[in-house]
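Understanding the architecture of this molecule
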Amino acid sequence: QVQLVESGGGLVQPGGSLRLSCAASGFTFSIYTMSWYRQAPGKERELVASISGAGGFTTYADSLKGRFTISRDNAKNTVYLQMNSLKPEDTAVYCCYVRVSKPYWGQGTQVTVSS
């Protein structure tokens, strides 16, 4: 079955960086677009970034362009989210997403940006 397992979250000071990872299994990873979403307390879930199966096409939330970078390693069935210049408003649970005939979500990883 499809499984998505995120890691890499934690507490970071404003201006710091984190790299999130999402290890995928149970489907042919290299042919599916992968996405990162986030949900902050009291807010709706929002799309952070997506990357095509081969990695050649990426999209980002307009507000995050230039600070976040999505990438993938199809040999490792893993998608990454590099987050730089983090701000307190980036605090959220970050989840990995794929649609393989139906939507699948990981359990999420907490990112807290605070001094």
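Up top you'll find the structure we're talking about.
Described in the following lines is the structure provided in the data block.

1. Digging into the environment of G9
- Along the polypeptide, G9 turns up in the loop between β1 (3–7) and β2 (10–12).
- Overall, G9 belongs to the partly exposed group, its relative accessible area being 33%.
- For G9 and T112, which are 103 residues apart along the polypeptide, the C-alpha to C-alpha distance reads 7.9 Å.
- Excluding residues within four positions of it along the chain, G9 makes contact with L18, L20, T109, Q110 and V111.

2. With respect to the pattern of salt bridges
- According to the stated counting rule, one finds three salt bridges in the structure shown.
- With a shortest N-O distance of 2.9 Å, R38 and D90 are connected by a salt bridge. One end of the pair, R38, is in strand β4 (residues 34–39); the other, D90, is in the loop between β8 (78–83) and β9 (92–100), and 52 residues separate them in sequence. Neither residue differs from the other here; R38 and D90 are each classed as buried.
- One salt bridge in this structure joins D90 and R67, with 2.8 Å as the shortest N-O distance. Linking D90 in the loop between β8 and β9 with R67 in the loop between β6 (58–60) and β7 (68–73), this pair joins segments that are 23 residues apart in sequence.

3. Concerning the environment of G108
- By secondary structure assignment, the location of G108 is in the loop between β10 (102–105) and β11 (109–113).
- For the pair G108 and Y80, spaced 28 residues apart in sequence, the C-alpha to C-alpha distance is 13 Å.
- With residues near it in sequence (within four places) discarded, G108 still touches E6, V93, Y94 and C95.

4. Concerning the state of the cysteines
- Counted by the stated rule, this structure contains one disulfide.
- Across a sulfur-sulfur distance of 2.2 Å, C22 and C96 are joined as a disulfide pair. Between C22 and C96, the S-S dihedral sits near -90°, and the bridge is therefore left-handed. Here C22 is found in strand β3 (residues 18–25), whereas its partner C96 is found in strand β9, with 74 residues between them in sequence. Here the two residues C22 and C96 agree in accessibility, since each one is buried.
- Of the cysteine sulfurs around C95, a residue in no disulfide, the closest is that of C96, at 8.6 Å.

Rules of the game
Residues numbered from 1 in each chain as written. Predicted model: local features only at pLDDT ≥ 70, side-chain atom pairs only at ≥ 80, totals over all residues. Heavy atoms only, no water. Helix = DSSP H or I, 4+ residues; strand = E, 2+ residues; numbered from the N terminus. Buried < 20%, exposed > 50% of the residue type's maximum accessible area, 1.4 Å probe, protein only. Contact = heavy atoms within 4.5 Å. Salt bridge = Lys/Arg side-chain N within 4 Å of Asp/Glu carboxyl O. Disulfide = S-S within 2.5 Å.

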